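The chain contents come next:
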Amino acid sequence: MKKILLAAVAALAIVGCSQNEEIEKAGEKAEINFGTVVKAGTKAAITETDNFATFTVRAYKTEDKMVAAPALSSVFMNDLLVERTLPNTEWTHTGTFYWPLSGYVQFFATSPKQALKVTTGYPTFDYTIATADKQVDLVAANVIDAEKTENAVDLAFQHLLTQINFSIKGDTEDFTYTVTKLELKGAKDKSTFTFNGSETIGSWGTPEISAADVSYVYDKASVSVTPVTADPDKETAFEATGNALFMLMPQTLEGVTLEITYSAAPMSDLTAKTFDGVKTVNLTGTWGMGKSIRYTLKLTSDAADITFNPSVSGWGDETPGTNTNPVTKP
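Residues numbered from 1 in each chain as written. Predicted model: local features only at pLDDT ≥ 70, side-chain atom pairs only at ≥ 80, totals over all residues. Heavy atoms only, no water.

1. Quick notes on the pairing of strand S12 (residues 190-195)
Each regular strand carries side chains that alternate between the two faces of the sheet. Side chains of S12 alternate between two faces, with Ser-191, Phe-193 and Phe-195 buried and Lys-190, Thr-192 and Thr-194 left unburied. As judged from the five bridges shared by strand S7 (residues 124-128) and S12, these two strands associate in the antiparallel manner. Looking across to S12, one finds that Phe-125 is bridged to Phe-193. Sheet topology places S12 next to strand S13 (residues 202-204); three bridges connect them, and they run antiparallel. Paired with Phe-195 across the bridge in S13 is Gly-202. Linking S12 back to S13 in an antiparallel pair, the connection comprises six residues, with Gly-197 at a positive phi of about 80°. (Buried < 20%, exposed > 50% of the residue type's maximum accessible area, 1.4 Å probe, protein only. Helix = DSSP H or I, 4+ residues; strand = E, 2+ residues; numbered from the N terminus. Pairing = 2+ DSSP bridges.)

2. Focus on the confidence of the model for the chain
For the chain, per-residue confidence averages 81 on the pLDDT scale, and 79% of positions sit at 70 or higher. Low pLDDT (under 50) marks residues 1-27, which in the prediction has 86 contacts with non-local residues, meaning those over four places away or in another chain. Of the regions scoring below 50 in pLDDT, residues 318-330 engages in 32 contacts with residues more than four places distant in sequence or in other chains. (pLDDT = per-residue confidence, 0-100. Contact = heavy atoms within 4.5 Å.)

3. Structural notes on the environment of Tyr-127
Within the secondary structure, Tyr-127 is located in strand S7. Between the C-alpha atom of Tyr-127 and that of Trp-204, which follows or precedes it by 77 residues, the distance is 9.7 Å. For Tyr-127, the contacting residues outside a window of four places in its chain are Gln-114, Val-136, Leu-138, Leu-161, Asp-189, Lys-190, Ser-191, Trp-204 and Met-249.

4. Considering the pattern of salt bridges
Scanning the entire structure with this criterion turns up eight salt bridges. Across the pair Lys-117 and Asp-126 runs a salt bridge whose closest N-O atoms are separated by 2.8 Å. The class of Lys-117 is partly exposed, set by a relative accessible area of 43%. A relative accessible area of 41% places Asp-126 in the partly exposed class. For Lys-169, the salt bridge identified is with Asp-233, shortest N-O distance 3.8 Å. With Lys-169 in strand S10 (residues 162-170) and Asp-233 in the loop between strand S15 (223-225) and strand S16 (236-237), the pair connects residues that are 64 residues apart, well separated along the chain. Judged by its relative accessible area of 51%, Asp-233 falls in the exposed class. (Salt bridge = Lys/Arg side-chain N within 4 Å of Asp/Glu carboxyl O.)

5. Brief notes about the packing of aromatic side chains
The tally for this structure, following the rule as stated, stands at 20 aromatic pairs. Here Phe-125 and Phe-193 contribute two aromatic rings whose centre-to-centre distance is 5.4 Å and whose plane-to-plane angle is 35°, an arrangement assigned as tilted. Residue Phe-125 is found in strand S7, and its partner Phe-193 is found in strand S12; the two are separated by 68 residues along the sequence. Residue Phe-125 is classed as buried on the basis of its relative accessible area, which comes to 1%. With relative accessibility at 0%, the residue Phe-193 sits in the buried group. With centroids separated by 6.2 Å and ring planes inclined at 55°, the aromatic side chains of Tyr-127 and Trp-204 adopt a geometry described as tilted. (Phe/Tyr/Trp six-rings, centres within 6.5 Å; stacked < 30°, edge-to-face > 60°.)

6. Digging into the sheet that holds S7
Across the sheet, three strands lie side by side as S7-S12-S13; this open sheet has antiparallel pairing. Either end of the sheet is taken by a strand with one partner, and the two such strands are S7 and S13. Adjacent strand axes in the sheet meet at a mean angle of 20° when their direction is disregarded. (Axes fitted to C-alpha atoms, helices over the stretch in contact; angles between N-to-C directions.)

7. A few points about the nonpolar core
With 54 residues, the main nonpolar core has Phe-166, Leu-182, Leu-184 and Ile-260 as its most contacted residues. With near-sequence residues (within four places) excluded, Leu-184 lies in contact with Phe-166, Val-214, Ser-215, Tyr-216, Leu-248, Val-256, Thr-257, Leu-258, Leu-283 and Trp-287. Listed in part, the 21 residues of the second largest apolar core include Phe-55, Phe-76, Phe-107 and Phe-157. (Core = buried A, V, L, I, M, F, W, Y, C linked by side-chain atoms within 4.5 Å.)

8. Overview of unusual backbone geometry
In this model, Ser-111 is joined to Pro-112 through a cis peptide bond whose omega is -5°. Checked against the element boundaries, Pro-112 lands in the loop between strand S6 (104-111) and S7. Its identity as a non-glycine residue notwithstanding, Asp-79 has a phi of 50°, on the positive side. One can find Asp-79 in strand S5 (residues 75-83). A residue is classified by how much of its surface remains accessible, and Asp-79, at 22% relative accessible area, is partly exposed. One non-glycine residue, Ile-201, adopts positive backbone phi at about 75°. For Ile-201, a relative accessible area of 2% gives the class buried.

The structure is reproduced here in structure tokens:
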């Protein structure tokens, strides 16, 4: 995946009264600094270098390394908000923190802020996918067993959701295909994320459905494509540049469908429609965490089945898929 180094190092330092006795001696104390990296993103804007403007840090001081699963009871940074005003590169925050004299510091960061829960071992948080018009990119980072250093603490943020996009193409030249609505049904939308200190940051638990009839709808503007002899495989994407159509929960698909409302007509007479209705695609496979998946829907000009070619890639890199699957007739 791409690694995008943010243009600024956030000078984060703080000290609380409870840490006074643990701070380095005067003249030797080292301020804690953070550097940030986003691993490479609708409505849902993709978090990248230029638009990454805020994150929240929770840090704990432990006497033992995390491999011993110590209780994270000594809060060193309590949901510290770090932010910048774009396009400025300077990060700001409230307070100053210094490295403790002994032990380790465990850093956990999220954007947007999440309600971390801790007993023993690594923190967790619950997450439910919002409706399509309120979805956001969710990223997180952790640095484990950190000790005093002259270098910045580099927070390598990882995308936690799956980016789902759609494109359309047509099966008949000189026909115009116009989609007015996409509705994705049956996807699970709720799970618990657990940090694990690894390069992938953590993992999701078993996804669930938060409520009956959860669906995600695109119906903001019609999207059209007209294949011609010079470009018979012409495609049109639904999402705008720098955005994702949907940001959804990673999962293995079971009973997930896509309803496509569209019409087809000869480009010479758009009123002479040969199809005007809804068709349903069955989606299968796996949505991986931090993956970008594009479904290219090949629309038909009559009542025949639609086929689709899904492709899965690293975040931000899309390659053509090879699978072709039929759809259920309406």
